[in-house]
Amino acid sequence: MEIERRTFFISVVVVLCLTMLLTLVPVWQLVIIPGIIAGMLNKSLKYGVLSGFIGVTLSWGIYVLVGLITRNVYVILDQFGALIFGEGFGWLILILIILLAAIFGAMGGGIGNGFMTLINAYLEKHPYRDSKTKSE
């Protein structure tokens, strides 16, 4: 297996685990952090965005599925959907939750890959900066 694809699969697993941990925190916006880490682990933008997208979406999908099975979350989503759109729109709120997960994962993967590209460009421009400080 190629190194890039192996890194892709490892980053998806890392994102999945980190997102599951950060889902337990009440601040759900922190879910962008695993996407950023996925983007930093992958060398290409395509794999960075894709690994953030898959990891965060899969994690939130598992979390919602467990909530639907064990805690009957659909009733709450249906009530919330009834407040906004009308009766029987709980499925739309469920789709919006998964869509937000996909957007946050993909955006985080792109941001993380952009950070790594910026850092690599800086290190290529200043190659001797680190070796000068060690010799002094």
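Note that the structure is predicted; figures quoted are calculated from it, not measured.

*Asks:* Which parts of the structure should I look at to understand the side chain of Ser 59?
*Replies:* Within the element layout of this structure, Ser 59 appears in helix H3 (residues 45-70). Engagement of the side chain of Ser 59 in a polar contact is seen with the backbone nitrogen of Met 20, the distance being 3.5 Å.

*Asks:* Quick question: what am I supposed to make of the packing of aromatic side chains here?
*Replies:* Between two aromatic rings, the relevant description is the distance of the centres plus the angle of the planes. Applying the stated rule across the entire model yields 6 aromatic pairs. Seen in terms of ring centroids, Phe 8 and Tyr 47 are 5.3 Å apart; in terms of plane orientation they differ by 45°. Their pairing is tilted. Within this pair, whereas Phe 8 is found in helix H1 (residues 3-23), its partner Tyr 47 is found in helix H3, the two being separated by 39 residues in sequence. By the burial criterion, Phe 8 is buried, and Tyr 47 matches it.

*Asks:* Sorry if this is basic, but what is going on with unusual backbone geometry here?
*Replies:* Negative phi is the rule for most residues except glycine; trans is the rule for most peptide bonds. Although it is not a glycine, Asn 72 sits at a positive phi angle of roughly 55°. Here Asn 72 shows up in the loop between H3 and helix H4 (73-84).

*Asks:* Teacher, can you tell me more about the environment of Arg 71 here?
*Replies:* The residue Arg 71 is located in the loop between H3 and H4 in this model. By relative accessible area, which is 48% here, Arg 71 ends up partly exposed. Between the alpha carbons of Arg 71 and Phe 53 there is a distance of 26 Å; along the sequence they are 18 residues apart. The residues contacting Arg 71, other than those within four sequence positions of it, are Tyr 63 and Val 66.

Reading the values: rules and limits
Residues numbered from 1 in each chain as written. Predicted model: local features only at pLDDT ≥ 70, side-chain atom pairs only at ≥ 80, totals over all residues. Heavy atoms only, no water. Helix = DSSP H or I, 4+ residues; strand = E, 2+ residues; numbered from the N terminus. Polar contact = N/O pair within 3.5 Å; in protein donor to acceptor, adjacent residues only side chain to side chain. Phe/Tyr/Trp six-rings, centres within 6.5 Å; stacked < 30°, edge-to-face > 60°. Buried < 20%, exposed > 50% of the residue type's maximum accessible area, 1.4 Å probe, protein only. Contact = heavy atoms within 4.5 Å.

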